[in-house]
Every structure is written in structure tokens, then in C-alpha cells.
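Here is what each chain is made of, one letter per residue.
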Amino acid sequence: MIRAQRGRVIILDRHKLEELAGESYGRPEAEYRRLIAPFGKDRPRLTAE
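*Asks:* Where do I start with the overall build of the chain in this structure?
*Replies:* Helix and strand counts for the chain come out as 2 helices and 2 strands. When its helices and strands are written in sequence order, the chain yields β-β-α-α. Here the chain, with 49 residues, has 0% of them falling under the buried criterion. In the form shown here, the chain has an accessible surface area of approximately 5,100 Å², with 54% of it arising from carbon and sulfur atoms.

The structure is reproduced here in C-alpha cells:
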């Protein structure tokens, strides 16, 4: 499913990898975006008018 060599990681079978990860795939990233993104660099910036 994954190959790694000399600092490179190559996903060979993404579908199988997602299947193996089950419900844990995507949840942490979604929760991070929900909690942190409003304060991070993706936050809309206020401009002085």
C-alpha cells in the first residue's frame, strides 16, 4: 500500500490504505480544521477601509 525510500513516501494503493484506516481516516484532520482553522492562516483577514 505504501513504499518509502530515501525520504520519499509513495502511496501505491490509496483505496486499500483508506479501508485499513477505517473510521480514523479523515476524522483528525476534520477536527483540526474545525478547531484550529478559524485562528490559522486560512482565516479571512480584516482589511482597513
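Still more ground to cover, so stick around.
*Asks:* Even after reading the chapter, I still don't get the environment of Ile-2, so can you show me in this structure?
*Replies:* As for its position among the elements, Ile-2 is in strand S1 (residues 2-5). Each C-alpha atom of the pair Ile-2 and Arg-14 lies 8.5 Å from the other, and the pair is 12 residues apart in sequence. Beyond its immediate chain neighbours, meaning those up to four positions away, Ile-2 contacts Val-9, Ile-10, Ile-11, Leu-12 and Leu-17.

*Asks:* Mind showing me how you'd approach unusual backbone geometry here?
*Replies:* Among all residues save glycine, negative phi is the norm, and among peptide bonds the norm is trans. The backbone of Arg-6 sits at a positive phi, close to 45°, despite the residue not being glycine. Along the chain, Arg-6 turns up in the loop between S1 and strand S2 (8-11). Given a relative accessible area of 85%, Arg-6 falls into the exposed group.

*Asks:* I tried to follow the pairing of S1 on my own but got confused; where do I start?
*Replies:* Moving residue by residue along a regular strand, the side chains alternate between the two faces of the sheet. Looking at chain direction, S1 and S2 are connected through 4 bridges and run antiparallel. Bridging from a neighbouring strand, Ile-2 pairs with Ile-11 of S2. Count of turn residues in the S1/S2 antiparallel hairpin: 2 residues, of which Arg-6 carries a positive phi of about 45°.

*Asks:* Is there a simple way to think about a nonpolar patch on the surface in this case?
*Replies:* Together, Met-1, Ile-2, Val-9, Ile-11 and Leu-20 make up an exposed nonpolar region whose accessible area comes to about 500 Å². As for its placement among the helices and strands, Met-1 is situated in the segment before S1.

*Asks:* Mind showing me how you'd approach the pattern of salt bridges here?
*Replies:* Once the charged atoms of two side chains with opposite charge are near each other, the side chains can pair. Considering all chains together, one arrives at 3 salt bridges under this definition. With a shortest N-O distance of 2.8 Å, Glu-31 and Arg-34 are connected by a salt bridge. Residue Glu-31 and its partner Arg-34 are located together in helix H2 (residues 27-36), separated by 3 residues, close to a single helical turn. Given a relative accessible area of 36%, Glu-31 falls into the partly exposed group. The exposure class of Arg-34 is exposed, given its relative accessible area of 53%.

Conventions and cut-offs
- Numbering of residues starts from 1 in each chain and follows the order in which that chain's sequence is written.
- Local features in this predicted model are restricted to residues of pLDDT 70 or higher, and side-chain atom pairs are both shown and tallied only at a pLDDT of 80 or more, whereas totals for entire chains, interfaces and linings draw on every residue.
- Neither water nor hydrogens contribute to the side-chain values; these are computed over all heavy atoms in the structure.
- In this description a helix means any DSSP run of H or I spanning at least four residues, a strand means any run of E spanning at least two, and both kinds are numbered starting from the N terminus.
- Buried residues are those whose accessible area, probed at 1.4 Å on protein chains only, stays under 20% of the maximum for their type, while exposed residues exceed 50% and partly exposed ones sit between those limits.
- Residue exposure ignores everything except the shown protein chains as possible cover, and the areas themselves are Shrake-Rupley values with a 1.4 Å probe.
- Working rule for contacts: check all heavy atoms of both residues, and any pair within 4.5 Å makes them a contact.
- A pair of strands is treated as paired once DSSP finds two or more bridges between them.
- Each patch is built from salt-bridge-free residues with over 30% relative accessible area, joining like charges within 9 Å and nonpolar side chains (Val, Leu, Ile, Met, Phe, Trp, Tyr) within 5 Å.
- Think of a salt bridge as a Lys or Arg side-chain nitrogen and an Asp or Glu carboxyl oxygen that are within 4 Å of each other.

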